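Architecture at a glance
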Amino acid sequence: MQHLRRNRRLRTNETIRSIVRENILTVNDFLVPLFAVEGEGIKEEIASMPGYYRYSLDLLRNEIEELWALGLKSVLLFVKVPDALKDNKGTEAINPEGLMQRGVRMIKETRPEMLVMTDVALDPYSSYGHDGIVEDGYIINDETTDVLAKMALSHARAGADFVAPSDMMDGRIFAMRALLEAEGFKNTGIMSYSAKYASAFYGPFRDALDSAPGFGDKKTYQMDFSNRKEAIKEVMMDVEEGADIVMVKPGLSYLDIVRDVQDAVDVPVAVYQVSGEYAMVKAAAEKGWLDHDAVMMEQLMAFKRAGANLIATYFAKDAVKLLSQN
């Protein structure tokens, strides 16, 4: 009886494996994070993220064209703000001529069809390196959400298709949605970092934007990585407040959360393969300890298998080039 059913028949060769494959990756699965800096002619490699760069807007234009040519249609924009423009109020964050706002306009001028998502949080603009306004050593919530809503509005006015709040303040989705609606931006979407954990995997990203906290940590607003059920509470609240897409961050160590969230909500679920995950693969591959491309694709597929509809990843270009060869 045991020989009547042989599961290996469906693994005999690549043709049959490809036909019965449960999940596939395509170019439409990826969001491409981009780092912008002030100046001209700047393309700086990030030391802790080999092969990834900060761009001044003039060279970022070329990167946009390259992404579009590869079929990558969505970017997630971050900015590195000069120290002289940082304060404890997020003043520069709502400057209509700020780097983020100019970056959005440039991308839309270059490729109007490119979907532009923007980071909404105060840490790149904060003299303390925190995601909110600091008062007596504590990150205050409600005053911060007011600034974040104004920040989201300024991004929408610049042409952003989606704003992507990554701050983890309570009530910020409702504040943004309400202000966007009131100002006529009913079609501006919100991709919320709903289940964002206080993770040690963010180190290289903070190098990229010079946004590490100047004191303490972010554990009073980002989630405790010991918790699982709390993620559902967070995503459900964001959906109720008006989020169009919810995100789990980081990725690889949180695949159980991705699946839980996918099972709980009826909106698309994004996952962020963060800088530390990228850096580990790069470092191990440089040592010759693992096969870079094979591990990259296996990890990306793991996000898809866990239930992610969208994957923000620094590997997007490399992955799409590999996929195009198949």
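The structure under discussion appears in the preceding block.
The sections below set out a description of the structure shown in this document.

Quick notes on the rules
- Residues numbered from 1 in each chain as written.
- Predicted model: local features only at pLDDT ≥ 70, side-chain atom pairs only at ≥ 80, totals over all residues.
- Heavy atoms only, no water.
- Phe/Tyr/Trp six-rings, centres within 6.5 Å; stacked < 30°, edge-to-face > 60°.
- Helix = DSSP H or I, 4+ residues; strand = E, 2+ residues; numbered from the N terminus.
- Buried < 20%, exposed > 50% of the residue type's maximum accessible area, 1.4 Å probe, protein only.
- Pairing = 2+ DSSP bridges.
- 1 Å grid on protein atoms, 1.4 Å probe; cavity = no way out; pocket = protein on both sides within 12 Å on 5 of 7 lines; lining within 4 Å.
- Points joined across faces, edges and corners; volume = space filled by probe spheres on them.
- Nonpolar A, V, L, I, M, F, W, Y, C, P; charged D, E, K, R; others polar.

1. Considerations on the packing of aromatic side chains
For any two aromatic rings, the description comes down to two numbers: the centre-to-centre distance and the angle of the planes. This structure, assessed with the given rule, holds 11 aromatic pairs. Taking the centre distance of 5.8 Å and the plane angle of 50° together, the rings of F35 and F78 count as tilted. A residue pair is termed long-range when its members are at least 10 positions apart, and F35 in strand β1 (residues 30-37) and F78 in strand β4 (residues 74-79) qualify at 43 residues. The buried category is assigned to F35, whose relative accessible area is 0%.

2. Structural notes on the pairing of strand β12 (residues 310-313)
With burial as the criterion, each face of β12 is covered, one bearing L310 and A312 and the other bearing I311 and T313. Judged from the 2 bridges that link them, β1 and β12 form a sheet pairing that is parallel. Of the residues in β12, the one forming a bridge with F30 is I311. Two elements, strand β11 (residues 269-273) and β12, share 4 bridges in a ladder whose sense is parallel. Bridge pairing in β12 places Q273 opposite T313.

3. Some words on the layout of surface pockets
When its volume is computed, the largest pocket comes out at roughly 460 Å³. R21, N23, I24, L25 and M301 are the residues nearest the centre of the largest pocket, which is lined by 14 residues in total. Elements with a contribution of two residues or more to the lining of the largest pocket: α10 (292-306) and α11 (316-325). Per-element accounting of the lining of the largest pocket gives the leading share, 5 residues, to α10. Tallied by class, residues from the lining of the largest pocket come to 7 nonpolar, 3 polar and 4 charged.

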